[in-house]
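Here are the chains, one letter per residue:
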Amino acid sequence: MNPDFPNDHPRNIIPELCRLFYSQGWMMGSGGSLSIKYGQEIYITPSGVQKERVQPEDLFVQTVDGEDISVPQSTKGLRKSQCSPVFLSIYRLKAPGAVFHLHSKSAVLATLLNKGNTVRLSNLQFEGIRKWSTGGNYKFTDDVVLPVIDNTHTGDELIDGMVKAMNDYPDTCIVLVRGHGIYAWGQTWEQAKLVCESYDYLFDVMLQVQAAGVREVHGGVLDSGGST
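Reference entry: report on the structure contained in this document. Not measured: the values here are computed from a predicted model.

**Remarks on the overall build of the chain**
Of regular secondary structure, the chain possesses five helices and 13 strands. For 228 residues, the compact-globule estimate of 2.2 N^0.38 gives 17 Å, and the chain sits close to it at 17 Å. Each of the three principal axes of the chain carries a C-alpha extent, and together these read 55 × 35 × 30 Å. Sorting the 228 residues of the chain into buried and exposed places 49% on the buried side. Taking contacts inside the chain between residues at least 6 apart in sequence as the whole, the part at least 24 apart equals 63%. Within the structure as shown, the chain displays about 10,700 Å² of accessible surface, and the carbon and sulfur contribution to it stands at 49%. Computed over 20 positive and 25 negative side-chain charges, the inter-centroid distance for the chain is 2 Å.

**Some words on unusual backbone geometry**
Phi is positive for Ala-95, which is not a glycine, with a value near 55 degrees. Mapped onto the elements, Ala-95 comes out in the loop between helix H2 (84-94) and strand E7 (98-102). Assessed through its relative accessible area of 61%, Ala-95 is described here as exposed. Phi is positive for Asn-123, close to 55 degrees, though the residue is something other than glycine. Tracing the backbone shows Asn-123 in the loop between strand E8 (118-121) and strand E9 (144-149).

**Regarding the layout of surface pockets**
Approximately 290 Å³ is the volume found for the largest pocket. Along the wall of the largest pocket there are 20 residues; nearest its centre are Ser-81, Gln-82, Cys-83, His-101 and His-180. Class assignment of the residues belonging to the lining of the largest pocket gives a composition of four nonpolar, 15 polar and one charged.

**Quick word on the sheet that holds strand E11 (residues 181-186)**
One open sheet holds the nine strands; their spatial order is E5-E4-E2-E1-E7-E11-E10-E9-E8, and the pairing between them is mixed. Bordering the open sheet on either side are strand E5 (68-70) and E8, each of which pairs with just one other strand. In this sheet, adjacent strand axes meet at a mean angle of 25 degrees when their direction is disregarded. Judged from the four bridges that link them, E8 and E9 form a sheet pairing that is antiparallel. The residue bridging Arg-120 from the neighbouring strand is Val-145, located in E9. Sitting on the sheet, helix H4 (residues 155-168) touches E9, strand E10 (174-177) and E11, and the angle it makes with E9 is about 165 degrees.

**Examining the nonpolar core**
Core analysis: the biggest nonpolar cluster contains 61 residues, and Phe-100, Leu-121 and Tyr-199 have the highest contact counts within it. When residues in this core are grouped by element, the largest group, eight residues, is from helix H5 (residues 189-211). Not counting residues up to four positions away in its chain, the partners in contact with Tyr-199 are Leu-121, Phe-126, Ile-129, Tyr-138, Val-144, Leu-146 and Ile-174.

**Looking at the pattern of salt bridges**
One pass over the full model with this rule turns up eight salt bridges. The shortest N-O distance in the salt bridge between Arg-120 and Asp-143 comes to 3.3 Å. Of this pair, Arg-120 sits in strand E8 while Asp-143 sits in the loop between E8 and E9, and the two are 23 residues apart along the sequence. With relative accessibility at 44%, the residue Asp-143 sits in the partly exposed group.

**So, the packing of aromatic side chains**
Tallied over the full model, the rule gives five aromatic pairs. Plain terms: the ring middles of Phe-21 and Phe-100 are 5.8 Å apart, the flat faces sit at 65 degrees to each other, and that makes the pair edge-to-face. Of this pair, Phe-21 sits in helix H1 (residues 10-23) while Phe-100 sits in strand E7, and the two are 79 residues apart along the sequence. Just as Phe-21 is buried, Phe-100 falls in that class too. Measuring from ring centre to ring centre gives 5.9 Å for Tyr-199 and Phe-203, while their planes differ by 20 degrees; the resulting arrangement is stacked.

**Considering the pairing of E7**
Burial runs high along E7: five of the five residues are buried. Side chains Ala-98, Phe-100 and Leu-102 of E7 all project onto a buried face; the interleaved residues Val-99 and His-101 project onto the opposite face, where all are buried too. Of the strand pairs in this sheet, E7 and E11 are connected by five bridges, and their pairing is antiparallel. Among the inter-strand pairings, Phe-100 is bridged to a residue of E11, identified as Ala-184.

Conventions we followed
Residues numbered from 1 in each chain as written. Predicted model: local features only at pLDDT ≥ 70, side-chain atom pairs only at ≥ 80, totals over all residues. Heavy atoms only, no water. Helix = DSSP H or I, 4+ residues; strand = E, 2+ residues; numbered from the N terminus. Rg over C-alpha atoms; globule rule 2.2 N^0.38 Å. Buried < 20%, exposed > 50% of the residue type's maximum accessible area, 1.4 Å probe, protein only. Contact = heavy atoms within 4.5 Å. Areas by Shrake-Rupley, 256 points an atom, 1.4 Å probe, with all protein chains shown as cover. Lys, Arg positive; Asp, Glu negative; His and termini not counted. Charge placed at Lys NZ, Arg CZ, Asp CG, Glu CD. 1 Å grid on protein atoms, 1.4 Å probe; cavity = no way out; pocket = protein on both sides within 12 Å on 5 of 7 lines; lining within 4 Å. Points joined across faces, edges and corners; volume = space filled by probe spheres on them. Nonpolar A, V, L, I, M, F, W, Y, C, P; charged D, E, K, R; others polar. Pairing = 2+ DSSP bridges. Axes fitted to C-alpha atoms, helices over the stretch in contact; angles between N-to-C directions. Core = buried A, V, L, I, M, F, W, Y, C linked by side-chain atoms within 4.5 Å. Salt bridge = Lys/Arg side-chain N within 4 Å of Asp/Glu carboxyl O. Phe/Tyr/Trp six-rings, centres within 6.5 Å; stacked < 30°, edge-to-face > 60°.

Right, here's the structure in full:
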């Protein structure tokens, strides 16, 4: 905690979230990246570092157009996250308050079992997950279709697929990247955290039901094999 900043400032919140998500297995090694918008400034974790050790002064700060506002001291040798261009494309298109990239094992498995470009969930309880464009929250009776895009070597190469997924599925607040993880967003960092936690739980339930050989549950279908 840096006493020079309020407790709810991104320089304090992001390192705390990094440690939490590391403990959940979502930011192992140097994987994953977090960003939070604070006024007109976007705070982003650095690349290639163990995220549970990120400090408040390690964050890069940019505008939504990618201009640098503040960078860590050069003696630290930190690099911008490869997720930065993807984050900024989401901020420009969706105007969220936070965007996270995490390596949820359940999400990765769901994409590897899926040969199509969607994962579909129904008859599962959705706690507070917002329909991004049309408003309101998903109900357990809703048929929720989540886009899956193919992985690329760099963040820049991922942008076209990400933008297409967001345009094709305007209500989604999560895009799965095959064999890699998720990008998720919310109006606040708290909502983005809720989205990540809720979908990780739902993916885990889906995988366990499928492992048991069940495809229909009380009239709902758990499907990670179709395309739309």
